[in-house]
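Here is how the chains run, residue by residue.
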Amino acid sequence: MTRMLAHANTTLQLARETLDIEAAALLQLKDRLDERFVKAVNMVLAVQGRVVVTGMGKSGHIGRKIAATLASTGTPAMFVHPGEASHGDLGMIKTVDVVLAISNSGESDELVAILPVLKRQGVPLIAMTGGMQSSLARHADVVIDCSVSKEACPLNLAPTASTTAQLAMGDALAVALLDARGFKPEDFARSHPGGSLGRKLLTHVGDVMRKGKDVPQVAPDAEFTALMREMSNKGLGATAVTGTGGQVLGVFTDGDLRRLIEKGVDLRSLKAHEVMHPKPRTIRHDALAVEAAEMMELHRITSILVVDAEGVLCGAINSNDLMRAKVI
């Protein structure tokens, strides 16, 4: 069997032409934005239910992505397949919802079939189409023009520039709604708890810190040998020196030990309060874990003592704890 190989120059030329055509389509889309887009945004903001996105074929694939983007940026949304809608799934759409119907031609049979039902139910309808005189456009309460002068496909048949236009317009709609709702990074994180942003914005120091008996601490009058034993047993590379009420008085670290040895100090006779570093850096247990990571990086330290609102020692955290939690 003869193996087919693409001609390099032709392949690159077609690829560049595809990008040029689709880029031009988006710029034309930008120039056609008008008050209809604003009306569509306000329609979505006004509904008490969800945005129900629907579309057939390639427009349906784009619709699924638009619904996912809306849902993750503060606008409750779902996708309903128009073919399935005619066989029972129309029951998912309520009068408190708004439908966003996507079709380049505006004449997809499965989509056109459900339009009269939606109108009888009084469901608001936003059309995203290239067919401004189509059945979809005539039924819609507002029409967003997504027409393109030509597809990037050399045959001008396969949905390429048209689906790119739909996707970009969906993103524009999501971004406009995000801004109107005052959507913040913390809100985005709540819908993405498994992602890196979610971990950074939702994970608190108290969620990943060492607690209880795992936190190294000694009294101010503890012998140096007891101090070293506590450091070795807890494996943090440091120990807190705490008062009778649990307040942090100081900290002693591996680095402090090295510096004392370099000075030739007789360590055996020393007490914890004589070798500790007073007023160490601490972090609140309710602070974000990413703040602990930033503090470590800024001050070039690998561990931090954790305190409550009263300054009482309640935990400890080091860079390894943050890495295990995938905060850094």
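Higher on the page you've got the structure.
Presented here is an overview of the structure given in this document.

The rules behind these values
Residues numbered from 1 in each chain as written. Predicted model: local features only at pLDDT ≥ 70, side-chain atom pairs only at ≥ 80, totals over all residues. Heavy atoms only, no water. Helix = DSSP H or I, 4+ residues; strand = E, 2+ residues; numbered from the N terminus. Rg over C-alpha atoms; globule rule 2.2 N^0.38 Å. Buried < 20%, exposed > 50% of the residue type's maximum accessible area, 1.4 Å probe, protein only. Contact = heavy atoms within 4.5 Å. Areas by Shrake-Rupley, 256 points an atom, 1.4 Å probe, with all protein chains shown as cover. Pairing = 2+ DSSP bridges. Axes fitted to C-alpha atoms, helices over the stretch in contact; angles between N-to-C directions. Expected span 1.5 Å × (residues − 1). Core = buried A, V, L, I, M, F, W, Y, C linked by side-chain atoms within 4.5 Å. Polar contact = N/O pair within 3.5 Å; in protein donor to acceptor, adjacent residues only side chain to side chain. Parallel < 35°, antiparallel > 145°, perpendicular 65-115°, else oblique. Left-handed = near helix turned anticlockwise from the far one by under 90°. Nonpolar A, V, L, I, M, F, W, Y, C, P; charged D, E, K, R; others polar.

All right, on to the overall build of the protein chain then. If you tally the helices and strands in the protein chain, you get 15 helices and 12 strands. Against the 2.2 N^0.38 benchmark of 20 Å for 328 residues, the protein chain shows a C-alpha radius of gyration of 31 Å, more extended than a compact globule. On the principal axes, the C-alpha backbone points of the protein chain span a range of 90 × 55 × 40 Å. Residues counted as buried form 42% of the 328 residues belonging to the protein chain. For the protein chain, the proportion of contacts with a sequence separation of at least 24, taken over those separated by at least 6, is 64%. Total accessible area on the protein chain stands at roughly 17600 Å², and carbon and sulfur atoms take up 55% of it.

Across the sheet, 3 strands lie side by side as β10-β11-β12; this open sheet has mixed pairing. On the outer flanks of this sheet lie β10 (282-284) and β12 (313-318), each paired with one strand and no other. Strand-to-strand twist across the sheet, computed as the mean angle between neighbouring axes with direction ignored, equals 35 degrees. Alignment of strand β11 (residues 303-307) against β12, held across 5 bridges, turns out to be antiparallel. Within the sheet, the bridge partner assigned to V306 lies in β12 and is G315.

Turning our attention to the environment of T164. Checked against the element boundaries, T164 lands in helix α7 (residues 161-180). With relative accessibility at 22%, the residue T164 sits in the partly exposed group. Between the alpha carbons of T164 and A25 there is a distance of 8.3 Å; along the sequence they are 139 residues apart. Each residue touching T164, except ones within four places of it in the same chain, is listed here: E22 and L26.

Burial runs high along β11: 5 of the 5 residues are buried. On β11, burial covers both faces: S303, L305 and V307 on one face and I304 and V306 on the other are all buried. Where β10 lies against β11, 3 bridges are found, and the strand directions are parallel. Paired with R284 across the bridge in β11 is V307.

Turning our attention to helix α3 (residues 58-72). With 15 residues, α3 should cover 21 Å at 1.5 Å per step; its first-to-last C-alpha distance of 22 Å lies within 8% of that length. Among the residues of α3, S59, G60, I62, G63, I66, A67, T69, L70 and S72 are the ones counted as buried. Among the residues trailing α3, G74 stands out with phi positive, at a value near 100 degrees.

Buried together is how nonpolar side chains tend to be arranged in soluble globular proteins. The biggest cluster of nonpolar side chains holds 28 residues, and the ones touching the most others in it are V51, V53, L70, L100 and I126. Put simply, the parts of the chain that give this core at least two residues each are α2 (35-46), β1 (51-55), α3, β2 (77-79), β3 (98-103), β4 (125-129), β5 (142-145) and α7. Beyond its immediate chain neighbours, meaning those up to four positions away, V53 contacts G63, A67, L70, M78, F79, V80, L100 and I102. In terms of nonpolar packing, the next biggest core, distinct from the first, is built from 19 residues, I114, L118, L136 and V143 among them.

What follows is about unusual backbone geometry. Despite not being glycine, N156 shows a phi value in the positive range, around 55 degrees. As for its placement among the helices and strands, N156 is situated in the loop between β5 and α7. On the accessibility criterion, N156 (43% relative accessible area) is partly exposed. Although it is not a glycine, K279 sits at a positive phi angle of roughly 50 degrees.

Tracing the backbone through its elements, the reader meets A226 in helix α11 (residues 224-234). Under the relative-accessibility criterion, A226 is labelled partly exposed at 27%. Through-space distance from the C-alpha of A226 to that of L12 is 72 Å; in sequence the pair is 214 residues apart.

A few words now on the side chain of D321. When you line up the elements, D321 lands in helix α15 (residues 319-324). On the basis of relative accessibility, which here comes to 6%, the residue D321 falls in the buried class. Within the local environment of D321, its side chain forms a polar contact with the side chain of R210, the two groups lying 3.1 Å apart. One polar contact links D321 to R324, side chain to side chain, over a distance of 2.5 Å. Discounting residues that sit within four places of it in the chain, D321 has contacts with V208, R210 and A316.

With that settled, the discussion passes to the packing of helix α1 (residues 8-32) against α7. Two numbers describe how α1 lies on α7: the axes approach to 9 Å, and their chain directions differ by 45 degrees. Between α1 and α7, the interaxial angle falls into the category oblique. At the point where α1 passes α7, the crossing takes the right-handed sense. For the pair α1 and α7, the contacting residues are I21, E22, A25, L26 and L29 in the first and A161, T164, A165, A168 and M169 in the second. Broken down by class, the residue content of the contact of α1 with α7 amounts to 8 nonpolar, 1 polar and 1 charged.

Remember that the coordinates give geometry; whether it matters functionally is a separate question.
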